[in-house]
Amino acid sequence: NESFATAVEKLGRQAWARQQQLGDVPVSNPQADVFRREFDALVLEVRGELELLYRGKDTAPAQQKAAIFDSFRRRHDALRDRWQGASPIDHWFEGEGPNNARLALFSTYELAVPAFVALFEQCERSWPCFYRAAEELAELPRSERQTRLVARGQQAPSQGQGEAPAQPDCETGR
């Protein structure tokens, strides 16, 4: 899973910096995390709108698709305005702007990263426990795995969302 690899890269960079006595290197910026969660939710909304369009019998799908992406741009602009112009995602809207490929790539690489970071924290930063827990997730049917990852990512305490899911058993990863 690409989200797993992205999380390992971020966590590994942090562990390396700590080992080199460079101090704590945050995995991410808390303010940017809030923005990113809101943007992630927006991307999921847009993907849902596009899925409905593609499943439907609309007689003008290209026009509807363009309207969905225009709405996406306006909703992003409103999000950026609420965050006083601070959007780490502006590059999405440059040039040709967002498209299906960017949405798919984003989902592949980014959406489950917070869940894997939370899993690492719940494993008390133990790499063996983390890898066992990730292997256990990988063995689940895709829909169940996605449900657990979304729940874990939304409940991560580092993201200000309340209590974390139960800590995995470091023997089984569950």
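Predicted model, so just to flag it, every value in this text is computed and none were measured.

**Concerning the overall build of the chain**
What the chain contains, in helices and strands, is seven helices and zero strands. When the helices and strands of the chain are listed from N to C terminus, the series reads α-α-α-α-α-α-α. Relative to all contacts within the chain whose residues are 6 or more apart in sequence, the contacts with residues 24 or more apart total 64%.

**Points about the packing of aromatic side chains**
To describe a pair of aromatic rings, you give the distance between the ring centres and the angle between the ring planes. What the rule picks out here adds up to 13 aromatic pairs. Between the aromatic rings of Phe 4 and Tyr 131, the centroid separation amounts to 5.9 Å while the plane-to-plane angle is 65°, which identifies the pairing as edge-to-face. Of this pair, Phe 4 sits in helix α1 (residues 2-19) while Tyr 131 sits in helix α6 (residues 127-139); the two residues are 127 residues apart in sequence, bridging distant segments of the chain. Chaining the aromatic ring pairs together yields one cluster made of Phe 4, Phe 116, Phe 120, Trp 127, Phe 130 and Tyr 131.

**Some thoughts on the confidence of the model for the chain**
With 80% of its residues at a pLDDT of at least 70, the chain reaches an overall mean of 79. The low-confidence segment residues 157-167 (pLDDT under 50) makes 22 contacts with residues lying over four places distant or belonging to another chain.

**Observations regarding the pattern of salt bridges**
Enumeration over the complete set of coordinates arrives at nine salt bridges. Across the pair Arg 75 and Glu 49 runs a salt bridge, and its minimum N-O distance is 3.0 Å. Residue Arg 75 is located in helix α3 (residues 61-82), and its partner Glu 49 is located in helix α2 (residues 30-55); the two are separated by 26 residues in the primary sequence. Overall, the relative accessible area of 22% leaves Arg 75 in the partly exposed class. Between Arg 80 and Asp 90 there is a salt bridge; the shortest N-O distance is 3.1 Å.

**A look at the environment of Val 43**
Relative to the assigned elements, Val 43 resides in helix α2. For the pair formed by Val 43 and Ser 107, sequence separation is 64 residues and the distance between their alpha carbons is 8.5 Å. Apart from residues lying up to four places away in sequence, Val 43 is in contact with Phe 72, Trp 92, Leu 103 and Phe 106.

**Quick look at the nonpolar core**
In this structure, Phe 116, Leu 119, Phe 130, Leu 137 and Leu 149 are the most contacted members of the largest nonpolar core, which totals 18 residues. Elements represented by at least two residues in this core include exactly α1, α5 (113-122) and α6. Not counting chain neighbours up to four residues away, the residues in contact with Leu 149 comprise Ala 112, Ala 115, Phe 116 and Leu 137. Grouped together as the second largest cluster of nonpolar side chains are 17 residues, Phe 35, Phe 39, Leu 53 and Trp 83 included.

**A few points about the packing of α1 against α6**
Between α1 and α6, the shortest axis-to-axis distance is 13 Å and the interhelical angle comes to 175°. Viewed along their axes, α1 and α6 adopt a mutual orientation that is roughly antiparallel. Along its contact with α1, which presents Phe 4, Val 8, Leu 11, Gly 12 and Ala 15, the element α6 presents Trp 127, Phe 130, Tyr 131 and Ala 134. Taken together, the residues of the contact of α1 with α6 break down into eight nonpolar, one polar and no charged.

**Notes on unusual backbone geometry**
A positive phi is found at Glu 124, a non-glycine position, where the angle reads about 55°. Mapped onto the fold, Glu 124 is located in the loop between α5 and α6. With a relative accessible area of 61%, Glu 124 lands in the exposed category. The residue Arg 125 is not glycine, and still its phi comes out positive at about 60°. Assignment of secondary structure puts Arg 125 in the loop between α5 and α6.

**Remarks on the environment of Val 113**
With respect to the helices and strands, the residue Val 113 is situated in helix α5. Residue class for Val 113 comes out buried when judged on its relative accessible area of 5%. Contact partners of Val 113, with chain neighbours within four places excluded, come to Ser 3, Thr 6, Ala 7 and Lys 10.

Cut-offs used in this document
Residues numbered from 1 in each chain as written. Predicted model: local features only at pLDDT ≥ 70, side-chain atom pairs only at ≥ 80, totals over all residues. Heavy atoms only, no water. Helix = DSSP H or I, 4+ residues; strand = E, 2+ residues; numbered from the N terminus. Contact = heavy atoms within 4.5 Å. Phe/Tyr/Trp six-rings, centres within 6.5 Å; stacked < 30°, edge-to-face > 60°. pLDDT = per-residue confidence, 0-100. Salt bridge = Lys/Arg side-chain N within 4 Å of Asp/Glu carboxyl O. Buried < 20%, exposed > 50% of the residue type's maximum accessible area, 1.4 Å probe, protein only. Core = buried A, V, L, I, M, F, W, Y, C linked by side-chain atoms within 4.5 Å. Axes fitted to C-alpha atoms, helices over the stretch in contact; angles between N-to-C directions. Parallel < 35°, antiparallel > 145°, perpendicular 65-115°, else oblique. Nonpolar A, V, L, I, M, F, W, Y, C, P; charged D, E, K, R; others polar.

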